[in-house]
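Chain by chain, the residues:
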Amino acid sequence: MSGPGLGQLARTLQGQWGDDVGLRIHVSGLEASFSDAPEEVFPLLERSGGLVLRGGRLGGTALLPAWRFPNGARRRWARWVPDGVGDLRWLEAFESYKAQRSRVWERIAAATAAFRFEERGSLLAAWRDGDADLLGTVPGELAERLLRGRWLVPGACAVHAAHGHRVVVLSCEPWCPAPAAWRARHGAAELPRGEAQPFCLCLVDERDQPGGRVALVAEERLGPTDTAFPLAGHFVERLFARCDLLGGYLPTDRLDRALERLRLRAWSFGA
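Under the annotation held in an unreviewed UniProt entry, the protein chain carries the name Hemimethylated DNA-binding domain-containing protein and is attributed to Prorocentrum cordatum.

1. Regarding the nonpolar core
Among the nonpolar cores identified, the biggest contains 25 residues, and Leu170, Tyr249 and Leu262 are the most heavily contacted of them. Put simply, the parts of the chain that give this core at least two residues each are strand E10 (166-173), strand E11 (199-204), strand E12 (214-218), helix H6 (234-239) and helix H7 (253-266). At four residues, the largest contribution of residues to this core is made by H7. Here Tyr249 is in contact with Trp105, Pro154, Gly155, Cys157, Val168, Phe229, Pro230, Leu231, Val236, Phe240, Ala241 and Arg242, once residues within four sequence places are set aside.

2. Structural notes on helix H2 (residues 88-113)
The end-to-end C-alpha distance of H2, which contains 26 residues, comes to 38 Å, matching closely the 38 Å that a straight helix rising 1.5 Å per residue would cover. Structurally, the start of H2 carries an N-cap: the backbone nitrogen of Arg89 is 3.0 Å from a side-chain oxygen of Asp87. Note on H2: the residue one or two positions beyond its end, Phe115, has a positive phi of about 60°.

3. Structural notes on the state of the cysteines
Under the counting rule described, the total for this entry stands at zero disulfides. In this structure Cys172 is a free cysteine whose sulfur lies 4.0 Å from that of Cys200, the closest cysteine sulfur available.

4. A word on the layout of surface pockets
With a probe scaled to a water molecule rolled over the atoms, the places where space remains empty come into view. Space inside the largest pocket adds up to approximately 460 Å³. Taken together, 19 residues make up the lining of the largest pocket; nearest its centre are Trp105, Trp127, Thr225, Asp226 and Leu246. Secondary-structure elements contributing two or more residues to the lining of the largest pocket are H2 and helix H3 (117-129). Here the element with the most residues in the lining of the largest pocket is H3; it accounts for four residues. For the lining of the largest pocket, the class distribution of residues is eleven nonpolar, three polar and five charged. Considered as a void within the structure, the second largest pocket measures approximately 400 Å³ in volume. Looking at the lining of the second largest pocket, the elements with two or more residues in it are H2, E10, strand E15 (248-251) and H7. Element by element, the count of residues in the lining of the second largest pocket is highest for H2, at eight residues. Of the residues in the lining of the second largest pocket, the class split is 13 nonpolar, three polar and six charged.

5. What about the sheet that holds strand E3 (residues 31-34)?
Taken in spatial order, the eight strands line up as E1-E2-E3-E4-E5-E6-E7-E8 and close into a barrel, and their pairing is antiparallel. Here the average twist between neighbouring strands, direction ignored, is 35°. In terms of strand pairing, strand E2 (residues 24-28) meets E3 through four bridges, oriented antiparallel. Its bridge partner being in E3, Val27 is matched across the sheet by Ala32.

6. Points about the sheet that holds E12
Pairing within the open sheet is antiparallel, and its five strands lie in the order E12-E11-E10-E9-E13. Here the strands that pair on one side only, and so sit at the sheet edges, are E12 and strand E13 (222-223). Alignment of E11 against E12, held across five bridges, turns out to be antiparallel. When the sheet's bridge partners are listed, Leu203 is paired in E12 with Val214.

7. A look at the packing of H2 against helix H4 (residues 140-148)
Following both chains from N to C, one finds H2 and H4 inclined at 45°, their axes separated by 11 Å at the closest point. Viewed along their axes, H2 and H4 adopt a mutual orientation that is oblique. The hand of the H2/H4 crossing is right-handed. Here Arg89, Trp90, Ala93, Phe94 and Tyr97 of H2 lie close against H4, whose contacting residues are Leu142, Arg145, Leu146 and Leu147. Of the residues that constitute the contact of H2 with H4, the class distribution is seven nonpolar, no polar and two charged.

8. A closer look at the pattern of salt bridges
If you walk through the whole model with that rule in mind, you get eleven salt bridges. Notably, a salt bridge pairs Asp208 with Arg166, separated by 2.9 Å at the nearest N-O pair. In this pair, Asp208 sits in the loop between E11 and E12 while Arg166 sits in strand E10, placing the two residues 42 residues apart along the sequence. One network of salt bridges, with partners in common, ties together Arg166, Asp205, Arg207 and Asp208.

9. Things to note about the environment of Cys200
When you line up the elements, Cys200 lands in strand E11. On the basis of relative accessible area, Cys200 is assigned to the buried category, the value being 2%. Along the primary structure Cys200 and Val169 are separated by 31 residues, whereas in three dimensions their C-alpha atoms are 6.4 Å apart. If near-sequence neighbours (up to four positions away) are discounted, Cys200 is found in contact with Leu152, Val169, Ser171, Cys172, Ala215, Leu216, Val217 and Leu222.

Parameters and conventions
Residues numbered from 1 in each chain as written. Predicted model: local features only at pLDDT ≥ 70, side-chain atom pairs only at ≥ 80, totals over all residues. Heavy atoms only, no water. Core = buried A, V, L, I, M, F, W, Y, C linked by side-chain atoms within 4.5 Å. Buried < 20%, exposed > 50% of the residue type's maximum accessible area, 1.4 Å probe, protein only. Helix = DSSP H or I, 4+ residues; strand = E, 2+ residues; numbered from the N terminus. Contact = heavy atoms within 4.5 Å. Expected span 1.5 Å × (residues − 1). Polar contact = N/O pair within 3.5 Å; in protein donor to acceptor, adjacent residues only side chain to side chain. Disulfide = S-S within 2.5 Å. 1 Å grid on protein atoms, 1.4 Å probe; cavity = no way out; pocket = protein on both sides within 12 Å on 5 of 7 lines; lining within 4 Å. Points joined across faces, edges and corners; volume = space filled by probe spheres on them. Nonpolar A, V, L, I, M, F, W, Y, C, P; charged D, E, K, R; others polar. Pairing = 2+ DSSP bridges. Axes fitted to C-alpha atoms, helices over the stretch in contact; angles between N-to-C directions. Parallel < 35°, antiparallel > 145°, perpendicular 65-115°, else oblique. Left-handed = near helix turned anticlockwise from the far one by under 90°. Salt bridge = Lys/Arg side-chain N within 4 Å of Asp/Glu carboxyl O.

Here is the structure:
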């Protein structure tokens with residue numbers, strides 16, 4: 001981070017942050033406080049045209065500040081609550097649409113199993129178009145955002161665009177639900193569509209990552225694939241019912257009970 005003057009740099013830092021080791025930071029004016037030293041206030045100092053705080057020199061970007069220390073250590077920050085997270089209009093539209101799309105996914109599986117091919121064809125056509133009629137009175141901008149991830153529902157298979165890993169979706173979140181420490185470590189703020197885009201909790205194929213890995217993945221990094229199904233791994237069989245003709249899975253009751261524990265595991269992995 002270079003170029004802007006001291007005042008402009010300081011303005012980009014105002015408010016609440018978390019760093020990649022779990023500290024909470026509050027910046028107000030030219031001072032900052034840290035959760036590991038609640039009684040102290042640390043000044044933002046100008047040194048050689050840049051900002052220095054608690055011995056670290058500011059670098060990185062306005063979205064993802066990074067502080068470099070003389071000993072070589074580097075601490076990255078993420079907003080405690082990113083812009084766009086908590087938007088109730090988006091939350092309501094997202095949860096309603098995903099729930100309805102999941103029901104359509106289940107209906108396609110049921111029609112396939114019962115050899116109701118005309119019904120299956122009609123449902124598949126609507127599925128591929130995103131079931132636009134389900135959007136109802138959702139404003140245009142929100143509808144566009146929903147349609148980007150229209151095929152992502154629990155049980156759908158996908159491929160990670162960056163790593164090539166095969167995954168099955170466990171749950172869909174309206175924005176990144178991870179704590180600031182996780183988001184700082186993995187640079188979520190610098191994703192092209194940011195932290196307020198949908199994220200999916202995914203189970204990774206054990207041929208790509210052994211051990212039943214659970215990963216939190218930004219929607220923009222998930223791509224449709226015909227080659228991921230069926231996934232390998234004992235957790236897949238425990239949490240889903242396989243549907244060969246659908247080319248994907250149907251969630252079981254066990255998945256709902258396991259999700260909270262799986263989310264905790266996901267914070268250890270990258271987006």
